[in-house]
Amino acid sequence: MALEQNSVYTGMRVDHVRFFVEDSASAADLWTRGYALSEFQRIEDGRSRTVGVGRGDIRFLVTEPRVPDHEAAIYLSRHGDGVADIGLGVADARTAFHEAVSRGAVPLHGPTEDDGVVTARVLAFADVAHTFVQRAASGPLPLAGSPSAHDIGAAVDHFAVCLPGGQLDSTVAFYEEVLDFRVVYEEKIFVGRQSMNSKVVQSTSGAVTFTLIEPDLAKSPGQIDTFLRDHGGAGIQHVALRVPDIVRAVDQVQAAGVQFLSTPGRYYDRLDERIDLERHSVEDLRVRGILADEDHDGQLFQIFAKPVSQRNTFFVELIERLGATTFGSGNIKALYEAVMQSHDAIEGAA
């Protein structure tokens, strides 16, 4: 695997995330009202309508098709609302595109330039693409929202990808061999009778991270299988937004109408046994439903919003990192145990 200083992908970053949606107005409203992003772009051409929302380094584009043969309409018929393209910022989009194709990537469109921005697109996996984006070094990125008192300070932390069983290694190989990513973490997660395999791939810049997960086909079906069924195959299950203070962030977005998944009270009854919290009290976490985990590098706090798409296949995670470099897999087991204990308690009282 090439070192970053010898790679055409040196300095790679997340440039933008494109969603294909049935209703661009309501999708944009979720981000602007719920997560305090600002609208910075609106494009209509008769075939589609795109609204750009963002703040800081976050740039989300929500595209609604207006004609049945638009690529967004085809995507929606297969998957419903979801992430269709993750733009990768690079120094030279033309070279990055040709290098990716020479290494086996499927080309979707060759390099084009518009108003000083060069783009080119390749297929990543399933119906998800990567667009290489090169912006003029002398000019700033397009406006992504002015400062706001409601700004939660979010940045894209990682993307979680659900894959059919047996496709994990080939997807990892694509990122390693085509885009010079490297595996930074891997594990097998057991939850009762279910099991899943996970590998985390990251760009050499460290700025683009994918958590890739496949179900263990020898075990009972679980939530990954449910996603694959309802989504119609592999796809982005969630986008994780990193925030500097998750308690403050949850309070703000919850007040704006965002709903989060609930957490069993028994999870918090045993939290002190698992972790000596460096920040936030157990009670602060309990009343908000925030989860806590730790690894050899530090601690993290995370919470998952309720899905808002028609198929319930896409959601947002908020995550605060205090040094931790992993993704909260300890919470999967802790939540499972808490649920089972709650069930046992109910049956015992019956």
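Each value, and the rule that gives it
Residues numbered from 1 in each chain as written. Predicted model: local features only at pLDDT ≥ 70, side-chain atom pairs only at ≥ 80, totals over all residues. Heavy atoms only, no water. Helix = DSSP H or I, 4+ residues; strand = E, 2+ residues; numbered from the N terminus. Buried < 20%, exposed > 50% of the residue type's maximum accessible area, 1.4 Å probe, protein only. Contact = heavy atoms within 4.5 Å. Pairing = 2+ DSSP bridges. Core = buried A, V, L, I, M, F, W, Y, C linked by side-chain atoms within 4.5 Å. Axes fitted to C-alpha atoms, helices over the stretch in contact; angles between N-to-C directions. Salt bridge = Lys/Arg side-chain N within 4 Å of Asp/Glu carboxyl O. Arc of directions from axis to C-beta.

## Topic: the environment of Val14
So, point 1. As for its placement among the helices and strands, Val14 is situated in strand 1 (residues 13-20).
So, point 2. In this structure Val14 comes out as buried when scored by relative accessible area, which is 16%.
So, point 3. Between the C-alpha atoms of Val14 and His158, which are 144 residues apart in sequence, the distance is 9.8 Å.
So, point 4. Excluding anything up to four places from it in sequence, Val14 contacts Asp57, Gly87, Phe159, Ala207 and Val208.

## With respect to the pairing of strand 16 (residues 315-322)
One face of the sheet, then the other: side chains in a regular strand alternate in exactly this way.
So, point 1. For strand 16, the tally of buried residues reaches 6 of 8 residues, placing the bulk of the element in the interior.
So, point 2. Taken together, the 5 bridges between strand 13 (residues 235-242) and strand 16 define a ladder with parallel strand orientation. Following the sheet pairing, Arg242 is matched in strand 16 by Ile319.
So, point 3. Across 5 bridges, strand 15 (residues 298-304) lies against strand 16 in antiparallel orientation. Its bridge partner lying in strand 16, Gln302 is registered against Ile319.

## Focus: the nonpolar core
One broad rule of soluble globular proteins: the nonpolar side chains tend to lie buried together.
So, point 1. Counting 79 residues, the largest nonpolar core has Trp31, Tyr35, Phe132, Leu241 and Leu318 as its most contacted members.
So, point 2. Examining the composition of this core, we find that 6 residues originate from one element, helix 4 (residues 168-179), more than from any other.
So, point 3. When near neighbours in sequence (up to four residues on either side) are disregarded, Trp31 contacts Phe19, Ala36, Leu37, Val53, Phe60, Val62, Leu241, Phe314 and Val316.

## With respect to the sheet that holds strand 4 (residues 58-65)
So, point 1. Spatially, 8 strands are ordered 2-3-4-1-5-8-7-6 in an open sheet, and the strand pairing comes out mixed. For this open sheet the edge positions go to strand 2 (38-44) and strand 6 (107-114), each flanked by a neighbour on one side alone. Adjacent strand axes in the sheet meet at a mean angle of 20°, parallel and antiparallel pairs treated alike.
So, point 2. The sheet contact formed by strand 6 and strand 7 (residues 117-125) spans 5 bridges and is antiparallel. Across the sheet, Asp114 pairs through a bridge with Val117, a residue of strand 7.

## Focus on the pattern of salt bridges
So, point 1. This structure, assessed with the given rule, holds 26 salt bridges.
So, point 2. Between Glu99 and Arg103 there is a salt bridge, with the nearest N and O atoms lying 2.7 Å from each other.
So, point 3. On the accessibility criterion, Glu99 (25% relative accessible area) is partly exposed.
So, point 4. A salt bridge links Glu273 to Arg270, with the nearest nitrogen and oxygen atoms 3.6 Å apart.
So, point 5. For Glu273, a relative accessible area of 60% puts it in the exposed group.
So, point 6. A single salt-bridge network, built from bridges that share partners, covers Glu44, Arg49, Glu64 and Arg66.

## Regarding the environment of Val90
So, point 1. Here Val90 is to be found in the loop between strand 5 (82-89) and helix 3 (93-102).
So, point 2. According to the relative accessible area criterion, Val90 is buried, its value standing at 5%.
So, point 3. Placed 77 residues apart in sequence, Val90 and Arg13 show a C-alpha to C-alpha distance of 7.1 Å.
So, point 4. Setting aside its immediate chain neighbours within four residues, Val90 contacts Met12, Arg13, Ala96, Phe132, Val133 and Gln134.

## Description of helix 2 (residues 71-79)
So, point 1. The complete set of buried residues in helix 2 reads Ala72, Ala73, Tyr75, Leu76 and His79. End-on, the buried residues of helix 2 take up no more than an arc of 160°, which puts them together on one face.
So, point 2. On its buried face, helix 2 is in contact with strand 1, strand 4, strand 5 and helix 5 (223-231).
So, point 3. Backbone geometry just after helix 2 places Gly80 at a positive phi near 75°.

## Examining the sheet that holds strand 14 (residues 291-295)
So, point 1. Overall, mixed pairing links the 8 strands, which are arranged 10-11-12-9-13-16-15-14 in an open sheet. Whereas interior strands pair on both sides, the edge strands pair on one side only; in this sheet they are strand 10 (182-191) and strand 14. Within this sheet the neighbouring strands show an average axis-to-axis angle of 25°, counted without direction.
So, point 2. Examined bridge by bridge, strand 14 and strand 15 share 5 bridges and lie antiparallel to one another. Across the sheet, Glu294 pairs through a bridge with Gln299, a residue of strand 15.
So, point 3. Along the sheet, helix 4 makes contact with strand 10, strand 11 (194-202) and strand 12 (209-215), crossing strand 11 at roughly 5°.

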